[in-house]
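# Results of the structural survey
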Amino acid sequence: MTLRSRILELERESRSLDPDAAERDRLLSAAHAYAQQYLDKLPETPAYNCDKSAVLALRDLAAGPGPRPMDQLIERIDGSVVRPGLLPSHAGHLAYIPGGGIYASSLADYLAAVTNEYAGVRFAGPGAVEMEDLILDWMAKLVGFPETADGNLASGGSIASLIAVVAAREAAGLRARDFERAVVYASPHIHQCLHKALRVAGMGETVRRDVAVDRGRRLCPRSLAEVVAADRARGLKPWLVLASAGTADTGAVDPLAQIADIAHREGLWYHVDAAYGGFFAMLPEFRPVLAGMERADSVVLDPHKGMFLPYGTGAVLVRHRDALQDAHAYYASYMQDTVEAEAGGRSPAAVSPELTKHFRALRVWLPLLLHGEEPFRACLREKLELAKYFHREVEALGFEVGPEPELSVVTYRWVPESGDANAFNQALVEETHRDGRVFLSSTTIDGRFVLRMAALAFRTHLDTIDLALEVLRGAVARLEAEPERWRAVARADGVAHAPGART
Ligand SMILES: *Cc1c(COP(=O)(O)O)cnc(C)c1O
């Protein structure tokens, strides 16, 4: 066989990766038909399914590599991936900080993948990079940052936070020998991804200070000032203060402006984690709560939460662009052709650990332009009001409630007439999981096991909240009627444990 004929034979085979128009139509129709019935049936589908055994059937298909019919594969995706566990795009996702899944973004992802636009370097993907810049400018304006700001669309809030931490490290000129003296300040309720970012950035040895919080679990500025002063007196180097614009736990917003005063006076890098609460800045009436965010050195926002995007987009904004570039820019000779174009502005690769990246900007840009900003505002506003409504109604059902929500998280618990309230509430959240029509989660506040309701999924509306209240009422009634199901069996680790409860 000649070299040419051998190559042509390979070509015949490899061409099946590039289906023709008729075949594309067939494949797309199958995917589209599935998406249509998934969305149409979503309201009658449980939000959560405890039975996760169907996941194992994924392995059956791994048995042989051969080509398989699209319908069979879609069936497997539905059975083994979509149904077990949580349906994150469901209205009834009321746990953790819910995500989104707006349809316009799914189409943007489709187009981004078909064209496979290169979003890492301006020379290759000038439009994709320009679109990312536009989106970052829009977000910077939302935050209230000056023109000097820069940023990056990363895969999520955690990676965005890592980028911010590395910029903060380089801006302070910290080297390994300094780490044991550099101090990080935060409330105990700061998101764990920031501690993770510090460790991944090689800064696991920095000194961490848990700053005291007030009754609303907001960082106490006076304590911060005191701890910083004490650290200076000890010869340590106060470096970074982390504030939350909405903790994941309870939605508490730290007093951002007062923290800014201290950070500026003390020369600390000021980072605001607005992954949850940042997009509420789109609401003029909410901006006073976030006042002071505009004085941060870096801010993280999570469009796959507050803009209801499908998972895969977090944004970091840094006040001074040099800090971001000094920390991330690199040069490779095999890419020497691309440097000339940097005159048009820096490339995303120069401000992020990533080089090649998904064309993420399109999944933000398309829905914003397709729908306009107003429906996003309405959806955010609706979630704040739903949280107030839930707070009022769950109290009316007889639950003990936490403070009126600042954002869209409500905490509450049932206090049984006798017996261990923690055991009851743990059994209660498990009972709601078995029910599955809505998905709620829990947390521990001052040693108390409490339930949470977080309204941020874009499909969550009044009927969802009414359903959640009904699910809770039913679950309490069942547990009250059968106390043997929750009477605590104290385990060695002290965690309340309801016998026979599935996890
Ligand atoms: C979700 C969240 C994060 C982490 O973001 P990911 O997108 O999950 O990586 C950080 N902080 C807060 C407050 C969050 O809600």
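The coordinates are above.
These notes cover the structure that comes with them. (Residues numbered from 1 in each chain as written. Predicted model: local features only at pLDDT ≥ 70, side-chain atom pairs only at ≥ 80, totals over all residues. Heavy atoms only, no water.)

It is worth spelling out the sheet that holds strand β6 (residues 237–244) at this point. Strand order across the open sheet formed by seven strands is β3-β9-β8-β7-β6-β4-β5, with mixed pairing between neighbours. Either end of the sheet is taken by a strand with one partner, and the two such strands are β3 (150–154) and β5 (207–210). Between one strand axis and the next, the sheet turns by 20° as a mean value, whatever way the strands run. Where strand β4 (residues 182–186) and β6 come together, four bridges link them in parallel fashion. By the bridge assignment for β6, Ala-182 is matched with Lys-237. Strands β3, β8 (298–301) and β9 (314–318) of the sheet are contacted by helix α6 (residues 126–143), whose axis makes an angle of about 115° with β3. (Pairing = 2+ DSSP bridges. Helix = DSSP H or I, 4+ residues; strand = E, 2+ residues; numbered from the N terminus. Axes fitted to C-alpha atoms, helices over the stretch in contact; angles between N-to-C directions. Contact = heavy atoms within 4.5 Å.)

What follows is about the pattern of salt bridges. Inspection of the entire model under this criterion finds 34 salt bridges. Of the charged contacts in the structure, one is a salt bridge between Arg-363 and Asp-109, with a shortest N-O distance of 2.7 Å. With Arg-363 in helix α14 (residues 361–371) and Asp-109 in helix α5 (residues 103–115), this residue pair connects regions lying 254 residues apart in the sequence. For Arg-363, a relative accessible area of 3% corresponds to the buried category. Two residues, Asp-133 and Arg-122, come together in a salt bridge whose shortest N-O distance is 2.7 Å. Of this pair, Asp-133 sits in helix α6 while Arg-122 sits in the loop between α5 and α6, and the two are eleven residues apart along the sequence. Judged by relative accessible area, Asp-133 falls into the buried class, the value being 14%. The structure contains a network of salt bridges with shared partners spanning Arg-122, Glu-130, Asp-133, Asp-150 and Arg-346. (Salt bridge = Lys/Arg side-chain N within 4 Å of Asp/Glu carboxyl O. Buried < 20%, exposed > 50% of the residue type's maximum accessible area, 1.4 Å probe, protein only.)

Next up on the list: the site of the ligand. Neighbouring the ligand are 14 residues; Ser-158, Asp-273, Asp-302, His-304 and Lys-305 lie closest to it. A distance of 2.6 Å is found between a nitrogen atom of the ligand and a side-chain nitrogen or oxygen belonging to Asp-273. The contact in question runs from an oxygen atom of the ligand to an N or O atom on the side chain of Asp-302, over 2.6 Å. Starting from 380 Å² of accessible surface for the ligand in isolation, the protein chains cover 85%. At the level of secondary structure, the elements contributing two or more residues to the shell around the ligand comprise α7 (157–171) and α12 (303–306). (Near = heavy atom within 4 Å. Polar contact = N/O pair within 3.5 Å; in protein donor to acceptor, adjacent residues only side chain to side chain. Areas by Shrake-Rupley, 256 points an atom, 1.4 Å probe, with all protein chains shown as cover.)

The next point concerns a nonpolar patch on the surface. A grouping of Leu-28, Tyr-110, Leu-111 and Val-114 is seen on the molecular surface, where their side chains present a nonpolar patch of about 370 Å² in accessible area. With three residues, the top contributor of residues to the nonpolar patch is α5. Its place among the elements puts Leu-28 in helix α2 (residues 21–41). For Leu-28, a relative accessible area of 39% gives the class partly exposed. (Patch = residues over 30% accessible without salt bridge, like charges linked within 9 Å, V, L, I, M, F, W, Y side chains within 5 Å.)

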